[in-house]
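# What the coordinates show
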Amino acid sequence: MRKYNIAVVGATGAVGEEIFEVLKEQKFPVADILPLASANSAGDRIEYEGRYFEIEELTEDVFRDRDIDIAFFSAGGSISAKFAKYAVESGAVVIDNTSHFRMMEHIPLVVPEVNPQDIVHWEESGIIANPNCSTIQMVQLLKPLHDLYGIKRVDVSTYQATSGAGKVGMKELVKQMEEFFKFKLDDTQLEAFTHQIALNVIPHIDTPQPNGYTKEEMKMVNETNKIMHSNFAVSATCVRVPVLRSHSESITITFEDDVVVDVDKAREVLGNFENVVVMDDLENSEYPMPITSTNTDDTFVGRIRKDISAANILHIWGVADQVRVGAATNSVRIAQKWIKLEDI
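Now for the overall build of the protein. A count of helical and extended segments in the protein gives eight helices and 14 strands. Computed over C-alpha atoms, the radius of gyration of the protein comes to 20 Å, within 12% of the 20 Å expected from 2.2 N^0.38 for 344 residues, which places it in the range of a compact globule. Within the span of the protein, comprising 344 residues, buried residues form 53% of the whole. Carbon and sulfur atoms provide 48% of the accessible area of the protein, an area that totals close to 15600 Å². The positive charge centre, built from 33 side chains, and the negative charge centre, built from 53, are 2 Å apart in the protein.

And the structure:
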């Protein structure tokens, strides 16, 4: 089997570190690794499968003559905007985890379980975009239901973990909880979030938009229809909660007017969908929670029930580890699909 030279931009970040873990677990055919980060991390080393690789500073010239096949970018939109083109020019395919390229018409936005056929368009730009973490886990649940009944509208409320804001977000939650038990929480310094996150929920993720939504909410709206090649209505409310990892979503799905939802059929198609696990036994308190999904590569779904007033409406509850399913794992799965495409 051919092996591939891998670069990871943002190698010391939460997603970058997770990419290395997923590559190991998936037994990805790695030949060489180029870990890239800021000048502050240059010279440090990472360990991968018993080998050590020195972290280098990301520069305009670092990809030159390095023979990189796949470059994972997970260091922020401004970094991808500036440096991704140099990786592409060197001959690499860029799999980008930021929001910078997602809605560009000529760049495929891919969730491999949902729209793997779009990967073929990578050659137009050399880039494949990884969607927003909340969008990924939602479309994995919407796809089989859309194929079954035809979706007319989706309303989703998210309960997003602090790791969605990176390591600094997780550290802020832990620090504030420590301060709470020391009776010093009133003195806490805010860095990752606009308000105290410990013992609180914040209905505000990313920047406000003129329409009253936030940028995070509009990402879910716009990305969903691009990925699914659909035009149904989507409305989102995104909330930050005091959880370390794994996003949860309460999703209300309105199907076409003539649909009469069969809950057992909905469970069946969800359970048969790739990388989706149904946990739906309310009587025995079995349903997905962040502690269910953390450090896994599956999207879990439960609380599957028909609306009590309308026959064409279904309510579901989905949970996934957004560092993995929503970022690192999805990126590696894209790379795996890309390899298969290249081998054809």
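Topologically, Lys226 is positioned in helix H5 (residues 215-228). Buried and unpaired, Lys226 has Asp118 as its nearest opposite-charge partner, separated by 8.0 Å. A polar contact of 2.6 Å, which involves the side chain of Lys226, links it to the backbone oxygen of Arg102. Within polar-contact distance, the side chain of Lys226 engages the backbone oxygen of Met104 at 2.8 Å. Beyond its immediate chain neighbours, meaning those up to four positions away, Lys226 contacts Arg102, Met103, Met104, Glu105, Ile107 and Leu109.

To continue, consider the layout of surface pockets. Considering only enclosed or pocket space, the largest pocket measures out at about 930 Å³ in volume. Surrounding the largest pocket, 36 residues form its lining, Val15, Asn97, Gly164, Ala165 and Gly166 being those nearest its centre. Residues of the lining of the largest pocket, tallied by class, amount to ten nonpolar, 21 polar and five charged. Considered as a void within the structure, the second largest pocket measures approximately 330 Å³ in volume. For the second largest pocket, the lining is made up of 17 residues, of which Arg333, Gln336, Lys337, Ile339 and Lys340 are closest to its centre.

It is worth spelling out a nonpolar patch on the surface at this point. Taken together, Phe180, Phe181 and Leu199 make up a surface patch of nonpolar side chains, about 330 Å² in accessible area. Mapped onto the elements of the fold, Phe180 is located in helix H4 (residues 167-181).

If you walk across this open sheet you meet the six strands as E5-E2-E1-E6-E7-E8, and the pairing is parallel. Taken across any chain shown, the strands that pair with only one partner, and hence form the sheet edges, are strand E5 (56-57) and strand E8 (127-129). Pairing analysis gives four bridges linking strand E1 (residues 4-9) to strand E6 (residues 70-73), with the strands arranged parallel. The residue bridging Ile6 from the neighbouring strand is Ile70, located in E6.

With that out of the way, let us pick up the sheet that holds strand E10 (residues 233-240). Pairing is mixed in the open sheet, where six strands are placed in the order E10-E9-E11-E14-E13-E12. At either end of the open sheet lies a strand with only one pairing partner, and these are E10 and strand E12 (276-278). Each strand axis lies, on average, 20° off the axis of its neighbour in the sheet, ignoring direction. Helix-sheet contacts for helix H3 (residues 133-149) involve strand E9 (151-160), E10, strand E11 (247-255), E12, strand E13 (299-306) and strand E14 (313-320), and the interaxial angle to E11 is about 30°. Relative to the sheet, helix H6 (residues 263-271) contacts E12, E13 and E14, its axis offset from that of E13 by approximately 170°.

Okay, the packing of H3 against H5 next. Where H3 meets H5, the closest approach of the two axes is 10 Å, and the angle between their N-to-C directions is 40°. Classified by the interaxial angle, the pair formed by H3 and H5 is oblique. The handedness of the crossing between H3 and H5 is right-handed. In contact with Ser134, Thr135, Met138, Val139, Leu142, Lys143 and His146 of H3, H5 contributes Glu216, Lys219, Met220, Glu223, Thr224, Ile227 and Met228. Taken together, the residues of the contact of H3 with H5 break down into six nonpolar, four polar and four charged.

Considering all chains together, one arrives at 21 salt bridges under this definition. Between Glu18 and Arg245 there is a salt bridge whose closest N-O contact spans 3.3 Å. One end of the pair, Glu18, is in helix H1 (residues 14-25); the other, Arg245, is in the loop between E10 and E11, with 227 residues separating them in the sequence. Note on accessibility: Glu18 and Arg245 belong to one class, buried. Members of the salt-bridge network, linked through shared partners, are Glu18, Glu25, Arg245, Asp297, Asp321 and Arg324.

Our focus in this paragraph is the packing of aromatic side chains. What the rule picks out here adds up to eight aromatic pairs. By the ring-pair criterion, three or more aromatic residues cluster together here, those being Tyr4, Trp122 and Trp338. Between Arg45 and the ring centre of Tyr52, over which it is positioned, the NZ or CZ distance is 4.4 Å.

Cut-offs and rules
- Residues numbered from 1 in each chain as written.
- Predicted model: local features only at pLDDT ≥ 70, side-chain atom pairs only at ≥ 80, totals over all residues.
- Heavy atoms only, no water.
- Helix = DSSP H or I, 4+ residues; strand = E, 2+ residues; numbered from the N terminus.
- Rg over C-alpha atoms; globule rule 2.2 N^0.38 Å.
- Buried < 20%, exposed > 50% of the residue type's maximum accessible area, 1.4 Å probe, protein only.
- Areas by Shrake-Rupley, 256 points an atom, 1.4 Å probe, with all protein chains shown as cover.
- Lys, Arg positive; Asp, Glu negative; His and termini not counted.
- Charge placed at Lys NZ, Arg CZ, Asp CG, Glu CD.
- Salt bridge = Lys/Arg side-chain N within 4 Å of Asp/Glu carboxyl O.
- Polar contact = N/O pair within 3.5 Å; in protein donor to acceptor, adjacent residues only side chain to side chain.
- Contact = heavy atoms within 4.5 Å.
- 1 Å grid on protein atoms, 1.4 Å probe; cavity = no way out; pocket = protein on both sides within 12 Å on 5 of 7 lines; lining within 4 Å.
- Points joined across faces, edges and corners; volume = space filled by probe spheres on them.
- Nonpolar A, V, L, I, M, F, W, Y, C, P; charged D, E, K, R; others polar.
- Patch = residues over 30% accessible without salt bridge, like charges linked within 9 Å, V, L, I, M, F, W, Y side chains within 5 Å.
- Pairing = 2+ DSSP bridges.
- Axes fitted to C-alpha atoms, helices over the stretch in contact; angles between N-to-C directions.
- Parallel < 35°, antiparallel > 145°, perpendicular 65-115°, else oblique.
- Left-handed = near helix turned anticlockwise from the far one by under 90°.
- Phe/Tyr/Trp six-rings, centres within 6.5 Å; stacked < 30°, edge-to-face > 60°.
- Lys NZ or Arg CZ within 6 Å of the ring centre and 35° of its normal.

Geometric values such as these leave the question of function open.
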